Structure formats: C-alpha cells, structure tokens
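# Close look at the chain arrangement
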Amino acid sequence: MSAGVQNNTTGPVSSIEGGNGAPALASIFVGPAFQVRYTFNLSLGDGVINITNTGATGASLFGPGFGANVGNICVNVYAFSPDERLISCCSCLVTPNGLVSLSVVNDLTSNTLTGVRPGSIAVKLLSTVAGTGGSGTDCTNSASTAVTTATLADGLAAWGTSVHPSPTGTAVTETPFTPSTLSFGEAASVAARCTNIIGNGSTFGICRACRSGGLGGAKQ
C-alpha cells in the first residue's frame, strides 16, 4: 500500500431489517507521519526515545540560522499504559537534521495523568507541519490539535530502547519505531484525550518536552 490518504468506499449498505442504506467511507493515513513502538521492563532501567527529522518536507539551503525556517515538524507524543489509558502527551519541535530525545522514566511516566507509573508503555508519535509550510518554531499544544491530511508531515524517524534480562545481568536494545496505519478516528481520539489532559488544569499527564541531543539506554 502506498503512503498517503487511502479511502475505502463501499456501495450502498443494506440489511433485511430495513431499506437500502448509504455508501460507507472510511479514510486512513498510511506513512511515516505516524509511528508506534512499546517499551517494557521499566523496573530494570530507563527506556529512551531518539527522534530526528529527515528533511522530507524541506530544509534551509545553508542550514539553521541562514534564511527562513523551512521543513520544521512537530512530533506529537502519546504514551499509553497497558490498559489503553493515555497517561501523558506532549509535543516536540524537530528541525531538519536535528536530534531530540525523551526519557521514558523521567519524561513520559514521571507525571502521569493517573499518578501510576506503569512498568511498560506503548508510545505513538504523530508528526505534523510546524506553522505555515514548516516555518514554525513553537509546538505548544500541537498534540491536542486535530490533524488533517494537510497538517500531517513526512520526515519523522525515531528509535527507542528497552532494557531486558541477559545471561550476564541486563542488556539494552534499540529498535526503530514502526510506521503504521492511522485512522482519522484514532487521530481525533488522541487529540481529544490530550486536550482533556491539558485543559483540566492539574498539569498531570503533560510530559516534559524533548531535549536536544540523543540519549543512550540506562540500566539500574
């Protein structure tokens, strides 16, 4: 299946319980703008997430600081506990060829909405265009903004680490996030749930913003 918006349309839907129904349409987005990974064994050590922007939507000709901003993306981060609860969300500005990172223990699970720090989480990343044409430099509340096909952005690349037992104690492995299929129902759900987290005023569930540079895995 090619990247981009895919529309799945049926003919009129009917049943023996009533007359003919209307055609059904379901839209999904397929591509690197939406990526998923899980991390586990947080009791053994921290997991980290490293994120870059490949410049797929553009980049400044001579690098940062020379001319207008081009190709910036907001990477919206959604962390879920194993029982499907959205426990934290936040957004990170990622410039073309830049590198930012998040600590699962210190950034994603240290200030959860529920007050509980799970031992494993699922993480979803959704990249959107920063500002007009990628010229924006602020991603505040981007994770709570409903996406459209026009605001989704290519260029996201991300990796995560997990700690696991090994014959010599514990070991750290790093694997890439998996580009996944995004239904617009799921996109609306994560935005609405993040809006509730930000809007309740408690500050619980708002994860810390990305820091510049990459992180390595940490064992206890």
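Residues numbered from 1 in each chain as written. Predicted model: local features only at pLDDT ≥ 70, side-chain atom pairs only at ≥ 80, totals over all residues. Heavy atoms only, no water.

### Some thoughts on the sheet that holds strand β12 (residues 211-212)
Formally: When DSSP locates at least two bridges between a pair of strands, those strands are taken to pair. What counts as a helix is a DSSP run of H or I of at least four residues, what counts as a strand is a run of E of at least two, and both are numbered from the N terminus.
Pairing is antiparallel across the open sheet formed by 5 strands, whose spatial order is β10-β9-β4-β7-β12. This sheet does not close on itself; its edge strands, each paired only once, are β10 (169-176) and β12.

### Details of unusual backbone geometry
As a reminder of what qualifies: Relative accessibility thresholds used throughout: buried, under 20% of the residue-type maximum; exposed, over 50%; partly exposed, between the two (1.4 Å probe, protein chains only).
Look at asparagine 97: it is not a glycine, yet its phi comes out positive at around 70°. Structurally, the position occupied by asparagine 97 is in the loop between β6 (86-94) and β7 (99-103). Of note, the phi angle at threonine 203 is positive, near 70°, even though the residue is not glycine. Within the secondary structure, threonine 203 sits in the loop between α2 (184-199) and β12. You can call threonine 203 partly exposed: its relative accessible area is 49%.

### With respect to the pairing of β6
Buried residues dominate β6, accounting for 8 of its 9 residues. In this structure, strand β5 (residues 73-80) lies alongside β6, joined through 8 bridges in antiparallel fashion. Across the sheet, alanine 79 pairs through a bridge with serine 88, a residue of β6. Linking two consecutive strands that pair antiparallel, namely β5 and β6, is a turn of 5 residues; a positive phi of about 80° is found at glutamate 84 within it.

### Some words on the nonpolar core
As a reminder, the rule being used: We call a set of buried Ala, Val, Leu, Ile, Met, Phe, Trp, Tyr and Cys residues a nonpolar core when their side-chain atoms join them within 4.5 Å. Contacts were defined at the residue level, with two residues in contact if any of their heavy atoms lie within 4.5 Å.
Ile49, Ile51, Val75, Val77, Leu108, Val123 and Leu125 are the most contacted members of the largest nonpolar core, which totals 25 residues. Sorting the residues of this core by element identifies β4 (48-53), β5, β6, β7, α1 (104-108), β8 (121-129) and β9 (156-166) as the ones contributing at least two each. Contact partners of valine 75, with chain neighbours within four places excluded, come to Ile51, Cys90, Ser91, Cys92, Val94, Leu125, Leu126, Ser127 and Leu156. Within the second largest apolar cluster, 15 residues are counted, among which are Phe80, Leu86, Ala187 and Val190.

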